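The residues making up each chain are set out below.
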Amino acid sequence: MKNIHQLALSAFAALCFLATSATAFAQAPVQQVQVDGIIAKVDNNVILRSDLEFGYLQYLAQTKQQPSEELKCQLFTSLLQDKLLLARAEVDSVVVDEAMVSSNLDERINYLASQVGGTDRLEQYYNKSLRQLKDELRKTVREQLVMEKMQRQITEKVSVTPKEIKKYFNNIPKDSLPYFSTEVEIGQIVKEAEISRQQKQEARQKLEELRKRILAGEDFATLAKEYSQDPGSAQAGGELGFFKKKELVPEYEAAALRLQPGEMSNVIESQFGFHLIQLIERRGQEFNTRHILIKPGTATVDLNAAAEELDSVRNMVLNDSLTFAQAAKEYSDDENTKDNGGMLSNRATGFTYIPMDQVDPAIFFVIDTMEVGDISEPIAYTTPDGKEAMRIIYLKSKTQPHQANLDDDYQKIASAALNQKRSKAVNEWFKKNINSVYIEIDPEYQDCNLLQKPVQ
């Protein structure tokens with residue numbers, strides 16, 4: 001139910017592939033073919049030979065397909081179409097907010113780290129700091145978001161009828177119907193522990209003491225390595241790398257831009273905690289800083305208060321005073337799920353149905369003994385940005401292993417049918433816009449019949 005366009009692997013997607021299981025880091029990575037050279041240009045966007053070769057090898061490893069020139073041509077076509085989307089996005093002034101890019105990048109890095117045993121293992125495997133990984137992947141993530149936005153604009157009016165969904169399903173050969181393992185729908189309501197004025201003052205005081213030491217002659221970077229609670233930059237002496245305006249939280253950016261190179265800020269508070277900031281360099285519209293981050297501690301009493309509030313919310317849902325979805329919207333501190341009924345989503349599909357073998361281990365052992373409809377007692381939880389919290393878990397549904405059918409899997413089949421129809425709409429858009437940008441293709445790939453062959 002996936003086309004090759006959806007499976008084409010960028011540098012970031014390849015990284016995701018390596019982290020799809022906890023054993024990935026114990027296995028030898030697929031060797032990248034290091035071949036330089038531009039094989040296609042689409043306006044200002046280029047495709048390198050090494051991009052194609054690396055993506056091709058990763059695709060083969062993921063799908064277990066046999067190598068073929070036709071497959072490589074299809075992948076090349078997909079990469080070319082991506083560049084056409086980017087070129088048209090530039091012409092049509094389609095952009096994405098940099099805050100969204102940063103948020104999406106952080107979310108994906110956190111997900112990868114959780115799949116492989118933490119940020120330390122991620123850094124160890126690639127022999128790069130989180131900051132370096134983010135710097136390398138930021139452009140790729142931005143381009144992916146722009147392409148997604150372009151595709152949404154192209155396909156926003158596309159829909160499927162029940163008749164089309166049924167026809168799509170009936171056209172799938174019976175021996176090709178997918179087999180679904182046990183899947184669950186899981187919801188959560190999160191309450192972050194309140195931080196007291198005293199705890200904030202203690203964090204601020206730690207930084208004030210460090211500031212005095214730096215003013216007395218100690219090295220900022222050395223102290224950042226020792227004291228900063230930002231795992232992504234501490235080992236690099238607190239250095240974040242170059243950012244543009246609006247890519248960092250407002251309080252941090254405002255303080256940083258008031259500094260001269262080498263100058264240090266006063267203690268600054270943001271949603272992440274308290275910072276000391278040193279401006280390293282300005283370069284045009286970009287600036288590079290280092291910082292020391294101290295997060296206020298959370299007292300046991302504050303976690304207990306969060307647990308008591310969640311326990312009250314749990315009782316209201318169990319007593320039918322309100323639904324779990326209503327409770328999530330009103331009480332949850334998790335911005336990613338509160339407006340979705342509190343439901344977690346399968347990253348690969350976007351559906352709320354998650355295969356049991358892909359459930360977060362911390363949740364798996366909670367729901368393992370639960371019945372459908374149960375809500376757990378409040379349990380300790382650390383949010384993706386490192387805040388201490390409590391949460392309750394709701395097991396909405398649990399399906400048994402089965403072969404795909406319209407009764408149990410209508411939502412998935414409808415989505416697949418819609419994706420197929422959207423793919424056709426995008427292909428039609430490509431045909432209409434082929435001549436609107438400059439395209440140059442290496443003679444080696446002219447035989448692929450690029451731009452004429454539809455992506456399957």
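See the structure printed just above.
Small disclaimer: the values here were computed from a predicted structure and weren't measured.

A. The arrangement of the sheet that holds strand E4 (residues 183-192) in detail. Strands sit in the order E9-E4-E11-E10 across an open sheet of 4 strands; the sheet is antiparallel. The open sheet has two edge strands with one neighbour each: strand E9 (353-355) and strand E10 (379-382). Averaged over all pairs of adjacent strands, the angle between their axes in this sheet comes to 55 degrees, without regard to strand direction. In the sheet, E4 pairs with E9 via 3 bridges, with the strands oriented antiparallel. Across the sheet, the residue bridging to Glu185 is Tyr353, located in E9.

B. Geometry of the pattern of salt bridges. Overall, the coordinates contain 16 salt bridges when judged by the stated rule. For Lys191, the salt bridge is made with Glu309, and the minimal N-O distance between the two is 3.5 Å. In this pair, Lys191 sits in strand E4 while Glu309 sits in helix H12 (residues 300-318), placing the two residues 118 residues apart along the sequence. The exposure class of Lys191 is buried, given its relative accessible area of 12%. Here Glu286 and Arg283 are joined by a salt bridge, their closest N and O atoms 3.5 Å apart. With a relative accessible area of 24%, Glu286 lands in the partly exposed category. For Arg283, a relative accessible area of 46% corresponds to the partly exposed category.

C. The arrangement of the environment of Asp51 in detail. By the secondary structure assignment, Asp51 is in helix H3 (residues 49-63). A relative accessible area of 37% places Asp51 in the partly exposed class. Expressed as a C-alpha distance, the spacing of Asp51 and Phe76, which sit 25 residues apart in the sequence, is 9.4 Å.

D. Fine view of the pairing of strand E1 (residues 38-42). Of the pairings in the sheet, the one linking E1 to strand E2 (residues 45-48) comprises 4 bridges and is antiparallel in character. Bridge assignment links Ala40 to a residue of E2, and that residue is Ile47. Taking the residues between adjacent antiparallel strands as the criterion, E1 and E2 are bridged by 2 residues, where Asp43 takes a positive phi near 55 degrees. Inspection of the sheet shows E1 paired to strand E13 (residues 439-441) by 3 bridges, in the antiparallel sense. Bridging across to E13, Lys41 finds its partner in Glu440.

What counts and how
- Residues numbered from 1 in each chain as written.
- Predicted model: local features only at pLDDT ≥ 70, side-chain atom pairs only at ≥ 80, totals over all residues.
- Heavy atoms only, no water.
- Pairing = 2+ DSSP bridges.
- Helix = DSSP H or I, 4+ residues; strand = E, 2+ residues; numbered from the N terminus.
- Axes fitted to C-alpha atoms, helices over the stretch in contact; angles between N-to-C directions.
- Salt bridge = Lys/Arg side-chain N within 4 Å of Asp/Glu carboxyl O.
- Buried < 20%, exposed > 50% of the residue type's maximum accessible area, 1.4 Å probe, protein only.

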